[in-house]
Amino acid sequence: MISFETLHAQNHKITELSNVFRYLIADRAMCDTQVACDLFFDIAKIVKEHIEIVDRELCGPLVSHEEQSIKNTANRFLSGSMEIKRIFSAYLKDYCSEKRRALRIKDHETFVKDTNQMFDLILDRIQRETEHLYPLIRKMKKTA
């Protein structure tokens, strides 16, 4: 199983990169830089990897737990992951060309608004993991 230190490091990295990216894109001219583009794709990769790891290594085993409340928690996180993946995929499709590794921004104001909403959703998920999922797993390890 992945360590909590690794998960917290990923959470911190996602939060930090998201905050820097939001700051950069506030200026329309910065959206066209290679730095912003690279940062965007780094964030996308890290977010996808993090969600997959949490789903596979933390939630997956909890789904078959004997206690119903633990199963319910795991199912809620897995359901939330599916929704975030769906929304994130649509967001990426709208604003980037993964093939060309480039951003496609037609309306800067809408891009900033959508980016803020997307990152708020991701950061909210990270906060819920930290406050609900990780303590649940720690508690289970202590009682096992």
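This text follows the structure it describes.
Each value, and the rule that gives it
- Residues numbered from 1 in each chain as written.
- Predicted model: local features only at pLDDT ≥ 70, side-chain atom pairs only at ≥ 80, totals over all residues.
- Heavy atoms only, no water.
- Axes fitted to C-alpha atoms, helices over the stretch in contact; angles between N-to-C directions.
- Helix = DSSP H or I, 4+ residues; strand = E, 2+ residues; numbered from the N terminus.
- Parallel < 35°, antiparallel > 145°, perpendicular 65-115°, else oblique.
- Left-handed = near helix turned anticlockwise from the far one by under 90°.
- Contact = heavy atoms within 4.5 Å.
- Nonpolar A, V, L, I, M, F, W, Y, C, P; charged D, E, K, R; others polar.
- Salt bridge = Lys/Arg side-chain N within 4 Å of Asp/Glu carboxyl O.
- Buried < 20%, exposed > 50% of the residue type's maximum accessible area, 1.4 Å probe, protein only.

Student: Before we move on, could you go through the packing of helix α1 (residues 4-25) against helix α2 (residues 34-63) and cite the residues and values that matter?
Tutor: Put simply, α1 and α2 touch, their axes get as near as 10 Å, and they point 150° apart. Judged by the angle between their axes, α1 and α2 are roughly antiparallel. In terms of crossing hand, the pair formed by α1 and α2 is left-handed. Contacts between α1 and α2 involve Leu7, Gln10, Asn11, Lys13, Ile14, Leu17, Ser18, Val20, Phe21 and Leu24 from the former and Val35, Ala36, Leu39, Phe40, Ile43, Ile46, Val47, His50, Ile53, Val54 and Leu58 from the latter. The residue inventory of the contact of α1 with α2, partitioned by class, reads 16 nonpolar, four polar and one charged.

Student: So what about the pattern of salt bridges? Which residues, and what values?
Tutor: Per the stated rule, a full pass over the model turns up 14 salt bridges. Notably, a salt bridge pairs glutamate 52 with lysine 85, separated by 2.7 Å at the nearest N-O pair. In this pair, glutamate 52 is assigned in helix α2 and lysine 85 in helix α3 (residues 68-95), connecting sequence segments 33 residues apart. A relative accessible area of 38% means that glutamate 52 is categorised as partly exposed. With relative accessibility at 32%, the residue lysine 85 sits in the partly exposed group. Measuring nitrogen to oxygen at the nearest pair gives 2.6 Å for the salt bridge that ties glutamate 83 to arginine 86. You can see glutamate 83 and its partner arginine 86 sitting in helix α3, three residues apart, about one turn around the helix. You can call glutamate 83 partly exposed: its relative accessible area is 38%. One network of salt bridges, with partners in common, ties together Glu52, Asp55, Lys85, Arg125 and Glu129.

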